[in-house]
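Observations on chain architecture
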Amino acid sequence: MPDLSERMKKKLPIPYTDFLPVQIGDNVGKWVDRRFHGHGIVEHISSSGDHIFTVKVGSPANVRFSTDTLRKFNKIEDEYGIGSLRFTRSGNVELIADSLDKAEKLKDEVEKIGFYVGGWGNTLWSISSCTAYLTCTTAVIDSPSLTKVLYDNFYRYFTGEEELPTKLKISVGGCPTSCGGLVADLVLVGHYGDAPSYDPERIGLCLPRKAEALDVAVPEIVNVCPVGAIDAFKKDDNTVGINIKREKCIACGRCKDVCDHIIFDPDKSGVAIMVGGKSSNTGSGPELARVLIPWVPVTLPAYGEIVAVVRKIIDIWKKNASDGERLGDYVRRIGLSNLQEAMHIPVTKWNRTGFGKSTFGIRQFQERGA
Ligand code: SF4
Ligand code: SF4
């Protein structure tokens, strides 16, 4: 470890190359070519004559490792690799060896401890997940467990045992805040599916005690609602009441975040399924994903309906896309409504908007229907 105390005292930038394994540090800026060995190993070729081999591993959902699992990864990398572990932005882990033989060994050992290797070429590149119930207070669905279920159902696309027209990225968000982002080919966003009610005995605990308080400040529960769906009013007994306007509510859950006595019906929790996001400049350029289906129920523990919808989307795309055509480019070519028709999805006012215009903004629809 280099002594950086003088640089830190002078507030100079940290020379990050000092921390790199020697095979990478010596070749910064010299990489001239690469070659794929299957779907999980890529060889990087340097003008210096060096070659390194990166092994890409699907990580646990939300990229959360126990220290025990990390020790296993360290042990494998120390034995066969160059001493490098990298956690990628899309939630995979990369180990590096200095020969193809050792990279194959890394792959074998990682698979032995239960992780998939793959994710390059015409494959499922990643399933990223937000933290949801692991640490977050606003989760509607358990996105890490849904992510695990998706990996278990679609790992053959990650390992490349089954190929796709081109890369596929999936992102799972536990609530409409969608920390996982909307720039994946398939985006699943948990939401409550309907406007909330509240516990009439206890809602007062989230409100000012006296009605006069409304003359000087707006209660927090009213303030947090992004669409003005909550009104506070003075009651005859000089306390404060609220009214939730169901027709305005977008079921975002922010009121529940500030008041435990807001109640959502757990049987209505579901996910919106969105298609066609991507961050790269290839094809038609960067895009946000658009709503394909506003609500699919969460049925634990197997998430059967959600898995079936994801499978159907992939099957239709696989069968009909041109070589190299990302899911979003395919949907734009055929039209979102044609994909909905092929999937027998009823078009409602909540998913009618076509491509080219953002449709994000999930509204409850169960009671009001199409
Ligand atoms: S998407 Fe929602 S549930 Fe997931 S981490 Fe962000 S705020 Fe929490
Ligand atoms: S769920 Fe969201 S939109 Fe609905 S009342 Fe609460 S804060 Fe407002």
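The model shown is predicted, which means the values in this text are computed figures rather than measured ones.

**Observations regarding the overall build of the protein chain**
Of the regular secondary structure elements, the protein chain holds 10 helices and 14 strands. Seen through its principal axes, the protein chain has C-alpha atoms that stretch 85 × 60 × 35 Å. For the protein chain, restricting intrachain contacts to residue pairs at least 6 apart in sequence, the fraction spanning at least 24 positions comes to 64%.

**Regarding helix α4 (residues 100-112)**
Across its 13 residues, α4 extends 18 Å between first and last C-alpha, which sits within 8% of the 18 Å expected from 1.5 Å per residue. The set of residues buried in α4 consists of Ala103, Leu106, Lys107, Glu109 and Val110. Tucked into the core, α4 has its buried residues touching β2 (41-46), β3 (51-58), α3 (67-80) and β5 (92-97). Once α4 ends, the next one or two residues include Gly114, with phi positive near 100 degrees.

**Brief notes about the site of ligand 1**
Near ligand 1 there are 13 residues, and of these Cys130, Cys136, Gly174, Cys175 and Cys179 occur at the shortest range. Residue composition of the shell around ligand 1, grouped by class: six nonpolar, seven polar and no charged.

**With respect to the sheet that holds strand β14 (residues 290-297)**
The strand order across the open sheet formed by five strands is β6-β7-β8-β13-β14, and the pairing between neighbours is mixed. Of all strands in the sheet, those bounded by a partner on one side alone are β6 (124-129) and β14. For this sheet the average axis-to-axis angle between neighbouring strands, irrespective of direction, equals 15 degrees. Pairing of strand β13 (residues 270-275) with β14 involves five bridges; the strand directions are antiparallel. Bridge pairing links Ile273 to Ile293 in β14.

**A few points about the site of ligand 2**
Ligand 2 sits among 15 residues. The nearest are Cys225, Ala229, Cys249, Cys252 and Cys255. By residue class, the composition of the shell around ligand 2 is 13 nonpolar, one polar and one charged.

**Some remarks on the domain arrangement of the protein chain**
The parts lose accessible area when they come together, and the size of an interface is often stated as this lost area. For the protein chain, the assigned domains are domain 1 (5-112), domain 2 (124-194 + 267-342) and domain 3 (197-263). Opposite the nine residues of domain 1 that make contact, domain 2 presents 15 residues. By residue class, the composition of the side of domain 1 that touches domain 2 is one nonpolar, seven polar and one charged.

**Brief notes about the sheet that holds strand β4 (residues 85-87)**
Ordered in space as β1-β2-β3-β5-β4, the five strands form an open sheet in which the pairing is antiparallel. Unpaired on one side and paired on the other, β1 (31-37) and β4 mark the two borders of the sheet. Ignoring strand direction, the axes of neighbouring strands in this sheet form an average angle of 25 degrees. As paired elements, β3 and β5 share six bridges and run antiparallel to each other. Across the sheet, Phe53 pairs through a bridge with Ala97, a residue of β5.

**Quick word on helix α5 (residues 143-159)**
What sets the pattern is the α-helix's 3.6 residues per turn: residues three or four places apart point alike. The sharpest bend along α5 measures roughly 65 degrees and falls at Asn153. Listed in full, the buried residues belonging to α5 are Ser143, Pro144, Leu146, Thr147, Val149, Leu150, Tyr151, Tyr157 and Phe158. The inward-facing, buried residues of α5 abut β3, β6, β7 (168-173), β8 (186-191) and α8 (304-320). A positive phi of about 90 degrees marks Gly160, the residue just after α5.

**Details of the environment of Lys56**
Among the secondary structure elements, Lys56 is positioned in strand β3. Linking Lys56 and Gly118, residues 62 residues apart in sequence, is a C-alpha distance of 5.9 Å.

**Some thoughts on the pairing of β5**
Where burial is concerned, most of β5 is hidden: five out of the six residues are buried. Relative to β5, β4 is paired through three bridges, and the arrangement is antiparallel. If you follow Leu85 over to β5, its bridge partner there is Leu95. Between β4 and β5, which pair antiparallel and follow one another directly, the connecting turn spans four residues, one of which, Gly91, has a positive phi of 90 degrees.

**A word on the pairing of strand β10 (residues 230-234)**
On a regular strand, one side chain projects to one face of the sheet and the next to the other, so that they alternate. With five bridges joining them, β10 and strand β11 (residues 240-244) adopt antiparallel strand pairing. Bridge pairing in β11 links Asp231 to Asn243. As consecutive antiparallel partners, β10 and β11 are separated by five residues, and within that stretch Asn238 has a phi angle of approximately 70 degrees, a positive value.

**Some remarks on the environment of Leu100**
Within the element layout of this structure, Leu100 appears in helix α4. With 17 residues separating them along the chain, Leu100 and Val117 place their C-alpha atoms 15 Å apart. Sequence-distant contacts of Leu100, that is, excluding residues within four places in its chain, are made with His37, Glu43 and Phe53.

What counts as what
Residues numbered from 1 in each chain as written. Chains lettered and ligands numbered in written order. Predicted model: local features only at pLDDT ≥ 70, side-chain atom pairs only at ≥ 80, totals over all residues. Helix = DSSP H or I, 4+ residues; strand = E, 2+ residues; numbered from the N terminus. Contact = placed C-beta atoms within 7 Å. Expected span 1.5 Å × (residues − 1). Buried ≥ 20, exposed ≤ 12 C-beta atoms within 10 Å, placed from the backbone. Near = placed C-beta within 6 Å. Nonpolar A, V, L, I, M, F, W, Y, C, P; charged D, E, K, R; others polar. Pairing = 2+ DSSP bridges. Axes fitted to C-alpha atoms, helices over the stretch in contact; angles between N-to-C directions. Domains from an automatic or database assignment. Bend = angle between axes of the 7 residues up to and from the residue.

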